[in-house]
Amino acid sequence: MSNFLVKGTKLKFLLNFSKSWRFISAFVIACLLTFNFSWAATAAVKHYTDLQFTPLSEVKLAKYERYVLDNGLVVYLIEDHELPLVTGTTLVRTGSRWEAGDKSGLAEIVGSVMRTGGTLKHSADELNEILEQRAAAVETSMSEAVASASFDSLSEDLETVFGLFAEVLREPAFAQEKLDLEKTQIKGSIARRNDDPSSIASREFKKLIYGQDSPYSRTVEYATLEKITREDLLKFYQQYFYPNKMILGIVGDFNAKEIRSLIQAQFGDWKPSPKISKTLLPQVSQANLGGVFFINQPQLTQSNVLIGHLGGSFNNPDYPALDVMNGVLNGFGGRLFNEVRSRQGLAYSVYGSWNPCHDYPGMFITGGQTRSDATVQFIKSLEAEIRRMQTEKVTTKELNYAKDSTLNSFVFNFQDPNQTLSRLMRYEYYGYPADFLFRYQKAVTATTIADIQRVAKKYIKPENLVTLVVGNQTAIQPALTQLGAKVTPIDVTIPGS
């Protein structure tokens, strides 16, 4: 058997073993946290509200090291010798929210072609072959708020793989043929974007909340895609990819002294950006304050409904109480499930929560799928439950169940060193304290019934609720006009198709 097949089999086994062991561990922990194994608990089947939760053990962060290179690159290291594997991630302070609106899709393409386009020293095929021979991986991507690059390697191949990882970050070639291929693939995605009603609802609802031209809601079109050139990729890359705009984290089976030398060798001579001022974030305000909007999809037999308004961020001091409010409103045992789905039988699925973002306002959103002829009643029931959060105090039973569920799920944020590393890097990236989760945990524990009603009254704004329905117009009876004098249609025809 050739060397790369042996290594591939070895790495696959190790990864599967690691995932399986973590899954089994997580399952066991969940069982221990959720059930009381006394003889009384097994004597009869209990309702979920009668389950007793055991006290949570103290959660501790894995031991880590943080330091900064002379060029400003922030480094986090966590040793984990359980398996002969090393993984690493770099976060880069950029994202699609800083691309020009008339070239929407540029950041996504930069994030993809950085890897698929090869480097100045290795073509894409050469890069793929070297990595495949070592059963390793190097990947890059870019979202609206961050770019990332990552690698996975066996410990014995770390020096080679890390060198290629640094190459991709420092010397991407952005090969023209790979850019053309990426654009072709994105065109295919554009052509298919109206195939799924849930995707239509999610995409168009963001536009209603943030606005058509907001970087948090705009979509890639054929026209914006055609404007993107290789020179645009290079310019975007050269604007943002510098060591003093990056955070590097590595976890796994390595020697700290050796990895520090390796990092210095690969990144130490990279010149920092002279522009160190903080990049301004795009302004956010709610585009539509209320209103009913409709997207006609005659082929549908059910309606996809979203109702909500602009929300807030994680660093709001009231976020823990809002998260407990989510537990009261959402999920199995939540008010929406119990009332709208179980008692009234109006929904196939129903949900609702306050969804914050790290450095810009997220959304408060409720919704679900329902029969076409139950659409209006479903929407009215959602609105009633939203208002009830403000007018009717939660019961002690509701509060305790929501807090217990929230706190019991908290432990799964720290199942392995990779999760610890991810959170440390994320909090540094967004300027959060390293102990943010522990402050959150304490605040959830301290949340009271009065806190829930206070935040519901303060942050939920029924007068600003935007309602979007994706469904069959002729099958929705009674008509949506029962919800408001004006129902605004939305055309989702793909421009240029």
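The structure this text deals with has already been given above.
Residues numbered from 1 in each chain as written. Predicted model: local features only at pLDDT ≥ 70, side-chain atom pairs only at ≥ 80, totals over all residues. Heavy atoms only, no water.

K.L.:
A description of the packing of aromatic side chains should follow, citing residues and the corresponding values.
P.N.:
Counted by the stated rule, this structure contains 23 aromatic pairs. Centre to centre, the rings of Y210 and Y360 are 6.3 Å apart; their planes meet at 65 degrees, and the pair counts as edge-to-face. Here Y360 lies in the loop between β9 (349–355) and β10 (363–371) and Y210 lies in helix α7 (residues 197–210), a separation of 150 residues in the sequence. With respect to class, Y210 is no different from Y360; both count as buried. An aromatic cluster is built from F151, F162, F165, F267 and W270, whose rings are joined through pairwise contacts. One residue, R93, lies across the ring of Y429, its end atom 4.9 Å from the ring centre. Directly above the ring of Y67 sits R260, whose terminal nitrogen or CZ lies 3.9 Å from the centroid. (Phe/Tyr/Trp six-rings, centres within 6.5 Å; stacked < 30°, edge-to-face > 60°. Helix = DSSP H or I, 4+ residues; strand = E, 2+ residues; numbered from the N terminus. Buried < 20%, exposed > 50% of the residue type's maximum accessible area, 1.4 Å probe, protein only. Lys NZ or Arg CZ within 6 Å of the ring centre and 35° of its normal.)

K.L.:
Requested: an account of the side chain of T87, with residues and values cited.
P.N.:
Summarising the element assignment, T87 is placed in strand β3 (residues 85–92). Only 3.1 Å separates the side chain of T87 from the side chain of N418, close enough to count as a polar contact. Setting aside chain neighbours within four positions, we find T87 in contact with F151, D152, G249, I250, V251 and N418. (Polar contact = N/O pair within 3.5 Å; in protein donor to acceptor, adjacent residues only side chain to side chain. Contact = heavy atoms within 4.5 Å.)

K.L.:
Mind laying out helix α15 (residues 417–430), listing which residues take part and the relevant values?
P.N.:
Helix length check: α15, at 14 residues, gives a terminal C-alpha distance of 20 Å against a target of 20 Å (1.5 Å per residue), a fit within 8%. P417, T420, L421, R423, L424, M425, Y427, Y429 and Y430 are the residues of α15 that are buried. On the buried face of α15, the contacting elements are β2 (74–79), β3, β6 (246–252) and α16 (436–446). For α15, the capping residue at the N-terminal end is D416, with a side-chain oxygen 2.9 Å from the backbone nitrogen of N418. One or two positions beyond α15, positive phi appears at G431, with a value near 80 degrees. (Expected span 1.5 Å × (residues − 1).)

K.L.:
Account for the pattern of salt bridges, with residues named and values stated.
P.N.:
Enumeration according to the criterion identifies 19 salt bridges in this entry. The salt bridge partner of K121 is E171, with a shortest N-O separation of 3.7 Å. On the criterion of sequence distance, the pair formed by K121 in the loop between α3 (106–116) and α4 (124–133) and E171 in the loop between α5 (158–170) and α6 (176–191) is long-range, its members being 50 residues apart. Look at K121 and you get exposed, because its relative accessible area is 55%. Look at E171 and you get partly exposed, because its relative accessible area is 23%. Between K207 and E204 there is a salt bridge whose closest N-O contact spans 3.5 Å. Of this pair, K207 and E204 both sit in helix α7, 3 residues apart, roughly one helical turn. (Salt bridge = Lys/Arg side-chain N within 4 Å of Asp/Glu carboxyl O.)

K.L.:
Talk me through helix α12 (residues 335–343); I want residue IDs and the actual numbers.
P.N.:
Looking only at α12, the buried set comprises R335, L336, F337, E339 and V340. Buried residues along α12 sit in contact with α11 (319–329), β9, β10, α13 (375–391) and α14 (396–410). G345 occupies a position one or two residues after α12 and carries a positive phi of about 65 degrees.

K.L.:
Please set out the packing of α13 against helix α17 (residues 449–459) residue by residue, giving values where relevant.
P.N.:
Look at α13 against α17: their axes get within 7 Å of each other, and the N-to-C directions meet at 125 degrees. Classified by the angle between their axes, α13 and α17 sit oblique to one another. Along its contact with α13, which presents M389, Q390 and T391, the element α17 presents I452, Q453, A456 and K457. Residues of the contact of α13 with α17, tallied by class, amount to 3 nonpolar, 3 polar and 1 charged. (Axes fitted to C-alpha atoms, helices over the stretch in contact; angles between N-to-C directions. Parallel < 35°, antiparallel > 145°, perpendicular 65-115°, else oblique. Nonpolar A, V, L, I, M, F, W, Y, C, P; charged D, E, K, R; others polar.)

K.L.:
Explain unusual backbone geometry to me, using residue names and the numbers behind them.
P.N.:
That bond from Q477 to P478 is cis: its omega, 5 degrees, falls within 30 degrees of zero. With respect to the secondary-structure elements, P478 resides in the loop between β11 (466–471) and β12 (487–489). Although it is not a glycine, A135 adopts a positive phi angle of roughly 50 degrees. By the secondary structure assignment, A135 is in the loop between α4 and β4 (137–142).

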